[in-house]
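Given next are the chains, with one letter for each unit.
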Amino acid sequence: ERVAAIGQLAAGIAHDFNNILTSIIGFAELLLLEPDLSGSAKEDVERITKQGHRAAHLVRQILDFPRQTISSKHPLDLLPFIKETVKLLERTIPEDIHISLEIEPGQYTITADLIQLQQAVTNLALNARDAMPDGGEIHLRLFQRAISEEEALLSDMDDGNWIVLSISDTGCGIAPELTGK
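Basis of the calculations
Residues numbered from 1 in each chain as written. Predicted model: local features only at pLDDT ≥ 70, side-chain atom pairs only at ≥ 80, totals over all residues. Heavy atoms only, no water. Helix = DSSP H or I, 4+ residues; strand = E, 2+ residues; numbered from the N terminus. Buried < 20%, exposed > 50% of the residue type's maximum accessible area, 1.4 Å probe, protein only. Contact = heavy atoms within 4.5 Å. Areas by Shrake-Rupley, 256 points an atom, 1.4 Å probe, with all protein chains shown as cover. Lys, Arg positive; Asp, Glu negative; His and termini not counted. Charge placed at Lys NZ, Arg CZ, Asp CG, Glu CD. Pairing = 2+ DSSP bridges. Axes fitted to C-alpha atoms, helices over the stretch in contact; angles between N-to-C directions.

Participant: Is there a simple way to explain the overall build of the protein in this structure?
Facilitator: Of the regular secondary structure elements, the protein holds six helices and five strands. Here the protein holds 181 residues, and the buried ones make up 24% of them. Within the protein, residue pairs in contact and separated by at least 24 positions form 73% of the contacts whose partners lie at least 6 positions apart. Of the accessible surface of the protein, which amounts to about 12,400 Å², a share of 57% is contributed by carbon and sulfur atoms. Taking the average location of the 15 positive side-chain charges in the protein and that of its 28 negative ones, the two points are 7 Å from each other.

Structure follows, in structure tokens:
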């Protein structure tokens, strides 16, 4: 349990560091679009961008390493998992952010690595928190969805019944100029 807790802490720090790198890279790339940027300044900004991408790749390797070596997938009932996760988030997320949970009736047993799933949900919640400095809502929804053969062909998923864990928030999102859209 201690190793898992330390791994989660390290992953959270690496995730936060990766968010900072994403911002640095994004602003450096925006700076490269400035028409009056001098040649030497442009070279410096290109170096910042290149080194930022190298650092982000290193963070991904750090995050992927324990997943490859420690990953242990077992049957997991998402129902108690998500309820317990929401309780944890309610204790750690600021009070001006409301967390809601919607669960449709059904069976929600999947095969997953508990640590990786906890890390993914926690990271999504922390990103949502950061995107809502003045408060807002995080909405978690657990439901089942049938994927038709037609949808499967378009989505690179197998047809059949799927369990869906949806996490959304009322945060500001990523600025369009940073996404390239």
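Participant: Which parts of the structure should I look at to understand the environment of Leu-31?
Facilitator: With respect to the secondary-structure elements, Leu-31 resides in helix α1 (residues 2-32). Sequence separation between Leu-31 and Val-45 is 14 residues, and the spatial gap between their C-alpha atoms is 7.5 Å. Non-local contacts of Leu-31, meaning those with residues more than four positions away in its chain, are made with Leu-37 and Val-45.

Participant: How do you make sense of the sheet that holds strand β2 (residues 97-103) when you look at a structure like this?
Facilitator: Strand pairs in the sheet, formed through backbone hydrogen bonds, run parallel or antiparallel to each other. In space, the three strands of this open sheet follow the order β2-β4-β5, with mixed pairing throughout. Of all strands in the sheet, those bounded by a partner on one side alone are β2 and β5 (160-169). Recorded for the sheet is a direction-independent mean angle of 15° between the axes of neighbouring strands. Relative to strand β4 (residues 136-147), β2 runs parallel, the two being bridged by seven bridges. Bridge pairing in β4 places Glu-102 opposite Arg-141. Across the face of the sheet, helix α3 (residues 78-92) comes into contact with β2, β4 and β5 while running at roughly 170° to β2.

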